[in-house]
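Coordinates in review
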Amino acid sequence: MRPSRSIVIVFSLLVLLLVYIGMRLLPDLGLAAAGTVAAVILLGLLGTLVPVGLVSSSLRRRRRWSDLAAWLGLLSMGLFSSLLVATVLRDIVLLVLLPFGALTPALAHGSALAVPLVALAVTMVGYVNARRVARVVKVDVPIRDLPADLHGYAIAQISDIHVGPTIKRPYLNAIVNQVNKLGADAIAVTGDLVDGSVQRLAMHTEPLARLKASDGVFFVTGNHEYYSGALEWIAEVRRLGLTVLMNEHVVRRRGSAALMIAGVADYTAHHFHPEHKSDPQRALRGAPPEVGVKVLLAHQPRSAPAAAAAGFDLQLSGHTHGGQFFPWNLFVPLQQPFVAGLNRVRDMWVYTSRGTGYWGPPKRFGAPSEITLVRLVRA
């Protein structure tokens, strides 16, 4: 079979970038012939492994080597990213220094040596940050005219876990243990739970069945569910005991006060299943008039304008990973209104989680993962 055009383009771009890195660093490193050959081989190996990382979620899991290949490929993706960014930043600094005559051979050599060392250090620190259990972030959301009985109502949010090539059952088990310790009134799983089919990953998502909250555990789809077989995953998540909110809501009561927890399908769901089109207005239908607070679970922050127009008080989202690692956090605003944290859209609050797992490379740098405990308080 002939490779698709997109694969050829991606691979060609990867080769060009590796050539750029080699040409910018190797001459200034001043290596002996054997060292130069070794460096070229390492760059070639990196170029071989990065495509493996790109297709890691579709690798067959029936062989022992497939997990190893996925790990090596995804780690190589993270290293390549940092190596490229460090090389570009070095070139910018050298370009700035050039007119001032400050570009000495010693500086060129030292900076060329620093690039791979910095890339390795960032990749190692990012690996540790990604693989440890997400920290708990506590957020108080002030709600105007909040009924007294709902003051302190707590929702534990987890998002963007991405169970798949490198995130397996033990990782999710640790997250579930941490969430259950919080004793939240409700738990929200705001999409991108998986990267792979039910057949491959059902064993690894089973810990979700242990999530416990008095008012229920709720799930909304993210874009990666649609890449992985959304209909099958919706059925599997329901089998595990979670309530899947597909443009619908539930009402929970505390004393004389009522709170609505609604959920919409992913913002892009209609591209895969037209009947799943994200619709905050539809999620409100049939709501009793006495509801004091309306909370919407929506995977992507860009659902916020429609949610605010529908009259929600708070939207809980994820999707962005907070950028996951530099410099990708700089590109998130090109697609999403918010990168992370608590923000405002008209009269509605939007909290965007940095995510509880990670996607692709096991690497987080400058964007720590989180388990969020959102507490409603009187404004």
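Data block above holds the structure.
A brief report on the enclosed structure follows. What you see is a predicted model; the values in this text were computed from it and never measured. (Residues numbered from 1 in each chain as written. Predicted model: local features only at pLDDT ≥ 70, side-chain atom pairs only at ≥ 80, totals over all residues. Heavy atoms only, no water.)

Focus on the packing of aromatic side chains
Summed over the entire model, instances satisfying the criterion amount to five aromatic pairs. Each ring, one from Tyr171 and one from Tyr358, has its centre 6.1 Å from the other, and the planes form 85°; the classification is edge-to-face. In this pair, Tyr171 is assigned in helix H5 (residues 169-181) and Tyr358 in the loop between strand E11 (348-352) and strand E12 (370-378), connecting sequence segments 187 residues apart. Per residue, the accessibility class of Tyr171 equals that of Tyr358, and both read buried. These aromatic residues form a ring-pair network of at least three members: Tyr226, Tyr227 and Phe272. The residue whose ring lies beneath Arg344 is Trp349, and the NZ or CZ to ring-centre distance is 4.4 Å. Between Lys363 and the ring centre of Phe325, over which it is positioned, the NZ or CZ distance is 4.7 Å. (Phe/Tyr/Trp six-rings, centres within 6.5 Å; stacked < 30°, edge-to-face > 60°. Helix = DSSP H or I, 4+ residues; strand = E, 2+ residues; numbered from the N terminus. Buried < 20%, exposed > 50% of the residue type's maximum accessible area, 1.4 Å probe, protein only. Lys NZ or Arg CZ within 6 Å of the ring centre and 35° of its normal.)

Remarks on a nonpolar patch on the surface
Taken together, the side chains of Val88, Leu89, Ile92, Val96, Phe100, Val125, Phe326, Trp328, Leu330, Phe331, Leu334 and Phe365 define a hydrophobic patch exposed on the protein surface, amounting to about 1,200 Å² of accessible area. Examining the composition of the nonpolar patch, we find that four residues originate from one element, helix H3 (residues 64-97), more than from any other. Secondary-structure assignment places Ile92 in helix H3. (Patch = residues over 30% accessible without salt bridge, like charges linked within 9 Å, V, L, I, M, F, W, Y side chains within 5 Å. Areas by Shrake-Rupley, 256 points an atom, 1.4 Å probe, with all protein chains shown as cover. Salt bridge = Lys/Arg side-chain N within 4 Å of Asp/Glu carboxyl O.)

Thoughts on the packing of helix H1 (residues 5-29) against helix H4 (residues 105-131)
Between H1 and H4, whose axes approach to 8 Å, the crossing angle comes to 125°. With respect to their mutual orientation, H1 and H4 come out oblique. The two elements H1 and H4 cross, and the hand of that crossing is left-handed. On H4, the residues that touch Leu25, Asp28 and Leu29 of H1 are Ala108, His109, Ala112, Leu113 and Val115. (Axes fitted to C-alpha atoms, helices over the stretch in contact; angles between N-to-C directions. Parallel < 35°, antiparallel > 145°, perpendicular 65-115°, else oblique. Left-handed = near helix turned anticlockwise from the far one by under 90°. Contact = heavy atoms within 4.5 Å.)

Regarding the sheet that holds strand E3 (residues 186-189)
The strand order across the open sheet formed by six strands is E1-E12-E2-E3-E4-E5, and the pairing between neighbours is mixed. Because the sheet does not close on itself, it has two edges, and the strands there are strand E1 (135-143) and strand E5 (243-244). Strand direction decides the pairing type here: strand E4 (residues 217-219) and E5, joined by two bridges, are parallel. If you follow Phe218 over to E5, its bridge partner there is Thr243. (Pairing = 2+ DSSP bridges.)

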